[in-house]
Amino acid sequence: MGGFIARYAIIGLGKIGTAIAKSLIKSGVDPASISGSVRRVESVSRVRHELPDVFVSTNNAEVVKDADIVILAVKPYQVLDALMPIRNVLSSDQLLISVVAGVTTSVIEGIVPSKVIRAMPNIGIVIERGVTAVAPGSRTSNDDVKRACDLFGSMGRCIVVNERYMDAITAISGSGPAFMALILEALWEAGLLLGVPTDISWELAVGTLETSAELLRFRKPWEVVEEVTTPGGVTIRGIRVAEEGGLRGLIMRMIEETARRGREISQEIEMSIRSKISE
Ligand SMILES: NC(=O)c1ccc[n+]([C@@H]2O[C@H](COP(=O)([O-])OP(=O)(O)OC[C@H]3O[C@@H](n4cnc5c(N)ncnc54)[C@H](OP(=O)(O)O)[C@@H]3O)[C@@H](O)[C@H]2O)c1
């Protein structure tokens, strides 16, 4: 006899919801055990094209009713519209994993009776190299957290965190790929500035970012700096310019400001949801 096969429902098969469904299928989950929803009827054909064997509907109640794990992947301002109509369809046995940025487990627990986990995956899940932070809510067991982490672990790395770090995590690993893209672009453009042909500069920039990330998994940053930097040589000249320009302080402020905006949005959404619930 086979073991327990979980059934998944994904509310919001947009960019991240679809990426999660594709990763689940790649990791061996039967598409027939996944169902998902979208808001607009015209989105159904898009999803049918992208996920041919996944049941898709605009009716959230129909999608979640038999699921063991419900993944919420709508935009933050769409949470209430998505959950209010199904608050009595969802049960306390179901595990709801929300990937919605800025919405706390306590807000969602105030709407639905399910066990709630908050997750912040990054776009790396589309190539199974995602970094996902998972924070337990007040009703979850260690087993629920393990289930959530196993799910995102099949799409890359999963780290269990206290929810209080979620705004910082959203800035570091959620927005992080965009920041790394800026750095990569600058490296590539620097090659162009120095007359290196476009494609060669691109290969060098991408390759260097990849190599650096791999190396830094096993070595401390200062070890890599020391290995690359010859006294009186070329690298130290560049380091001086980075220090004069305040590069590290700039990056810290970039993350700090991003996290601050995350907190602002989170507070705005929480106020709006709580006031609508109490109406
Ligand atoms: N993109 C990222 O890198 C990333 C990373 C981590 C977390 N997130 C979070 O993931 C969430 C989704 O982001 P996204 O970029 O995937 O947005 P998106 O592409 O706009 O997807 C949202 C999806 O939700 C559907 N939807 C909206 N209201 C619904 C309802 N009432 N019932 C059922 N489906 C509904 C939409 O349907 P239609 O297609 O019909 O409009 C759409 O397919 C956000 O909360 C974001 O914070 C995103």
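Right above here is the structure, for reference.
What this report covers is the structure whose coordinates are included nearby.

A few points about the site of the ligand
Working step 1: Inspection of the region around the ligand gives 24 residues, with I16, R40, S43, N60 and V74 positioned closest.
Working step 2: For the ligand, an oxygen atom lies 2.8 Å from a polar atom in the backbone of I16.
Working step 3: Look at the ligand: alone it shows 900 Å² of surface, and the protein chains cover 86% of it.
Working step 4: Secondary structure elements with two or more residues in the shell around the ligand: α1 (15-26) and α2 (41-50).
Working step 5: When the residues that make up the shell around the ligand are grouped by side-chain class, the tally is 13 nonpolar, six polar and five charged.

Quick word on the environment of R46
Working step 1: Tracing the chain through its elements places R46 in helix α2.
Working step 2: Judged by relative accessible area, which is 34%, R46 ranks as partly exposed.
Working step 3: Those residues in contact with R46 that sit more than four places away from it in its chain are L13, G14, T18 and V38.

Section: the environment of R274
Working step 1: The residue R274 is located in helix α12 (residues 247-277) in this model.
Working step 2: Take R274: its relative accessible area is 38%, and that puts it in the partly exposed class.
Working step 3: With 259 residues separating them along the chain, R274 and K15 place their C-alpha atoms 27 Å apart.
Working step 4: Here R274 is in contact with S106 and V107, once residues within four sequence places are set aside.

Parameters at a glance
Residues numbered from 1 in each chain as written. Predicted model: local features only at pLDDT ≥ 70, side-chain atom pairs only at ≥ 80, totals over all residues. Heavy atoms only, no water. Near = heavy atom within 4 Å. Polar contact = N/O pair within 3.5 Å; in protein donor to acceptor, adjacent residues only side chain to side chain. Areas by Shrake-Rupley, 256 points an atom, 1.4 Å probe, with all protein chains shown as cover. Helix = DSSP H or I, 4+ residues; strand = E, 2+ residues; numbered from the N terminus. Nonpolar A, V, L, I, M, F, W, Y, C, P; charged D, E, K, R; others polar. Buried < 20%, exposed > 50% of the residue type's maximum accessible area, 1.4 Å probe, protein only. Contact = heavy atoms within 4.5 Å.

That is the geometry; function is a separate question.
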